[in-house]
Amino acid sequence: QVQLVESGGGLVQAGGSLRLACAASGRTFTLYAMAWFRQAPGKEREFVAAISSSGGLTYYTDSINGRFTISRDNAGNRVYLQMNSLKPEDAGVYYCATTRGTGWTIDSYAFTIWGQGTQVTVSS
């Protein structure tokens, strides 16, 4: 059974940085794309970033505008989201997710396995 456990959330001032981590277990990590989503109170879950199994391909939603970087450590079965220049509108619960099948995709609906989330709060 695949398990995803996020960490690294917290409270940060606007303009600050956070690095989220997601530890994966239960299957061969190197075969699957990984992604980060976020959900603010009262809003739908938003697809933030994705990375291919090798790490060679990445995708970011337009609103990130170069402030976030997704990366992965295949030896350590982890995926990261480095968030810089944080804004109050970046606040929410951030979720790590992965696909059931192999292969690269930026179809948000393909990411169906989720972690429990980590809270990010950005003060203005």
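Just above, that's the structure.
What comes next is a walk through the structure. (Residues numbered from 1 in each chain as written. Predicted model: local features only at pLDDT ≥ 70, side-chain atom pairs only at ≥ 80, totals over all residues. Heavy atoms only, no water.)

### Thoughts on the overall build of the chain
In plain terms, the rule: A helix here means a DSSP run of H or I that spans at least four residues, while a strand means a run of E at least two residues long, and both kinds are numbered starting from the N terminus. Each radius of gyration reported is based on C-alpha atoms, and the globular scaling rule is 2.2 Å times the count of residues to the power 0.38. Note on exposure labels: buried denotes an accessible area under 20% of the residue type's maximum, exposed denotes more than 50%, and partly exposed covers the range between, all computed with a 1.4 Å probe on protein chains only. The contact definition used throughout considers only heavy atoms, calling two residues in contact when any of these lie within 4.5 Å. Reported accessibility uses the Shrake-Rupley method at a 1.4 Å probe radius. Residues are deemed covered only where the shown protein chains occlude them.
Regarding its fold elements, the chain presents zero helices and eleven strands. Listing every helix and strand of the chain by position from the N terminus yields β-β-β-β-β-β-β-β-β-β-β. Relative to the compact-globule value of 14 Å for 124 residues, the chain shows a C-alpha radius of gyration of 13 Å, a close match. Across its three principal directions, the C-alpha atoms of the chain cover 40 × 25 × 25 Å. Here the chain, with 124 residues, has 40% of them falling under the buried criterion. In the chain, of all internal contacts separated by at least 6 residues, the share reaching a separation of at least 24 is 57%. Carbon and sulfur atoms make up 46% of the accessible area of the chain, which totals about 6200 Å².

### Observations regarding the pattern of salt bridges
Note the threshold: The salt bridge definition used is simple: a Lys or Arg side-chain nitrogen within 4 Å of an Asp or Glu carboxyl oxygen.
Here the structure, examined in full by the defined rule, presents three salt bridges. E46 is paired through a salt bridge with R38; the nearest N and O atoms lie 2.7 Å apart. Taking relative accessible area as the criterion, R38 reaches 7% and is therefore assigned buried. Put simply, D90 and R67 hold a salt bridge, and the shortest N to O gap is 2.6 Å. With D90 in the loop between β8 (78–83) and β9 (92–99) and R67 in the loop between β6 (58–60) and β7 (68–73), this residue pair connects regions lying 23 residues apart in the sequence. This pair shows no difference in class: D90 is buried, exactly as R67 is.

### A look at the side chain of T61
Residue placement: T61 occurs in the loop between β6 and β7. Filtering out sequence-adjacent residues up to four positions away, T61 remains in contact with E46, F47 and V48.

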